[in-house]
Amino acid sequence: MDSHLGLQAGLDSQLAGFIRALRAAGAEASLAEAIDAARAVALVGYGDRDTLKCTLAAALAKSEEEKGICDEVFELFFKLPERGRPDARKADGEGDGEGEGEAPRTGDAEVDALLDLAQQQQAGDPSAMAAALQRAGQKAGVDDIRFQSQSAYLTRQLLEQMGIRKLEQLQQQLNQAGDENVEATTDDGRTALRQALAAARAQLQRQARAHVDQRFALFGKPATEAFLREVAVERPLGRMSPADMDRMKAAVARMAKRLAQRHSHRKRILLRGQLDLRRTIRANAGHDGVPVSLHFKHKRVDKPRIVAVCDVSGSVAAHVRFLLLFLYALKGTVADLEAFAFSNRLRDVGPPLDLLPFDDAMNLIIRDVGGGSTDYGQAWQDLHDQHWHLIDGRTTVLVLGDGRSNQTNPRLDLFAELTARAKRVVWLSPEAEGRWGTGDSALLAYRPFCTHLSHAANAGDLERAIDEALSAYG
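So, a few notes on the structure that sits alongside this text. (Residues numbered from 1 in each chain as written. Predicted model: local features only at pLDDT ≥ 70, side-chain atom pairs only at ≥ 80, totals over all residues. Heavy atoms only, no water.)

1. Brief notes about the overall build of the protein chain
A count of helical and extended segments in the protein chain gives 19 helices and eight strands. The proportion of buried residues among the 474 residues of the protein chain is 45%. Only carbon and sulfur atoms are counted for the fraction: they give 51% of the accessible area of the protein chain, which is about 24100 Å². (Helix = DSSP H or I, 4+ residues; strand = E, 2+ residues; numbered from the N terminus. Buried < 20%, exposed > 50% of the residue type's maximum accessible area, 1.4 Å probe, protein only. Areas by Shrake-Rupley, 256 points an atom, 1.4 Å probe, with all protein chains shown as cover.)

Below is the structure:
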């Protein structure tokens, strides 16, 4: 009975580790789904690999993307140590025919257990080795690996937990011809034992390294990547390296998904409304006051409508790339989105963003729109002449630019009319506040007409600005 309880506890720990690895890989397995998985695994068990794989995917994956992640993590997490190769013993310096009977005995239970593990592994049964590595790895804290530089240290800690120190000490005694503590006292016995110890040590070292590498792939690599994404999110957008750009795309996708979930949840709450107690009592007067029919107070909620106006000249281009990446990742939440770009003449950039891969669309926009001399006044004039009908009391106008207009007329009259028509005007500047109004910057002149004006240095600033814009619709 006790052994059964111990086994069950091990299985629960194993499932918890799998779910942790799944979350690290990007699948958002909730607590309720984890409980469902535990109940399902309690029914099907761990005996049949294919059944277990299908069961975990059914309980934990909510989309085709998550199904793919679940399958990939499953193959890595439940990967058994490699089976022994027929010629492996020869490669380790052993003679022909060794290992066909029982492993040599040393009289030390811990060392004999390691010899048995190595023999079973060599015979093609890796399950015992896998279980031993799992137990020792938990004690050594291998699953807490974060950086690849920890691999050597954790491998040694894992081997220590498995008891390799005693094996090494015995091996050293044999090499020094000190066999008084060893049961095998004949020359042939010492030779066989020496070979068995050397083979077991090599086998354990290989499998321990493989186990630590596996745990790094499951837990360390995602943690390292998450750390680097956090660094990239806080890095100024104008100083992104190519590696940062790739990480930022993944980070922006996650941030946009988080915003979408937050605002769709808020919308569901608002649509449900609050109980209207007076109307409910009045409507149910004929039922002796029993509230058979409930009435709610409903607040009118506008759907988010965003018009983005982006300066794509010079150093602003990197900021525009990520703002538009954010907005187009929110397509499900912001169905009514219009995007315009300018350096001097305003262009509708919605069609290329809708039809082309994002990077191709941005390269086209920068090439076709970003080459002129910056003129904010002309951009407001083009918006007024061609797209003024898009702006009304439900529209949030999101402006991204530094306000540097090469000493041209900033057309404050048109901008004032724009802000009077719109629900809100949010201006994001890639320049710090200390530079506003310096040189040819007209930003301080535009400032009184803006609902919100802030410095947007990194992706975190963009996320906060978009979150605030969407919150105005709740």
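2. Structural notes on the sheet that holds strand β3 (residues 305-311)
Whether parallel or antiparallel, the strands of a sheet pair through hydrogen bonds between backbone atoms. Taken together, the six strands give an open sheet; going across it, the order is β5-β4-β3-β6-β7-β8, and neighbouring strands pair in mixed fashion. Whereas interior strands pair on both sides, the edge strands pair on one side only; in this sheet they are β5 (346-348) and β8 (452-455). Across the sheet, the mean angle separating the axes of adjacent strands is 20° when strand polarity is ignored. Sheet topology places β3 next to strand β6 (residues 395-400); six bridges connect them, and they run parallel. Looking at β6, one finds that Val309 is bridged to Val399. (Pairing = 2+ DSSP bridges. Axes fitted to C-alpha atoms, helices over the stretch in contact; angles between N-to-C directions.)

3. Here's the deal with the pattern of salt bridges
Going through the model one piece at a time under the given rule, you end up with 26 salt bridges. Here Glu431 ties to Arg435 by a salt bridge, and the two come within 3.4 Å at their closest N and O atoms. Judged by its relative accessible area of 45%, Arg435 is partly exposed. Asp461 is the salt-bridge partner of Arg464, the closest N and O atoms lying 2.4 Å from each other. One end of the pair, Arg464, and the other, Asp461, are both in helix α19 (residues 459-471), three residues apart, so they sit about a helical turn from each other. Because the salt bridges share partners, they merge into one network encompassing Arg156, Glu160, Arg165, Glu168 and Arg201. (Salt bridge = Lys/Arg side-chain N within 4 Å of Asp/Glu carboxyl O.)

4. Overview of the packing of aromatic side chains
As enumerated under the stated definition, the model contains 17 aromatic pairs in all. Judged by centre distance (6.3 Å) and plane angle (45°), the rings of Tyr376 and Tyr446 are tilted. Linking Tyr376 in helix α16 (residues 376-387) with Tyr446 in helix α18 (residues 443-446), this pair joins segments that are 70 residues apart in sequence. Since its relative accessible area comes to 0%, Tyr446 is described here as buried. Taking 6.3 Å as the distance between ring centres and 70° as the angle between the ring planes, the aromatic pair formed by Trp380 and Trp427 counts as edge-to-face. (Phe/Tyr/Trp six-rings, centres within 6.5 Å; stacked < 30°, edge-to-face > 60°.)

5. Let's talk about the packing of helix α6 (residues 109-122) against helix α9 (residues 164-175)
Relative orientation of the contacting elements α6 and α9 amounts to 95°, with a least axis distance of 9 Å. It follows from the interaxial angle that α6 and α9 lie roughly perpendicular. Of the residues in α9, those touching α6 at Glu110, Val111 and Leu114 are Ile164, Lys166, Leu167 and Leu170. Partitioned by chemical class, the residues of the contact of α6 with α9 number five nonpolar, no polar and two charged. (Parallel < 35°, antiparallel > 145°, perpendicular 65-115°, else oblique. Contact = heavy atoms within 4.5 Å. Nonpolar A, V, L, I, M, F, W, Y, C, P; charged D, E, K, R; others polar.)

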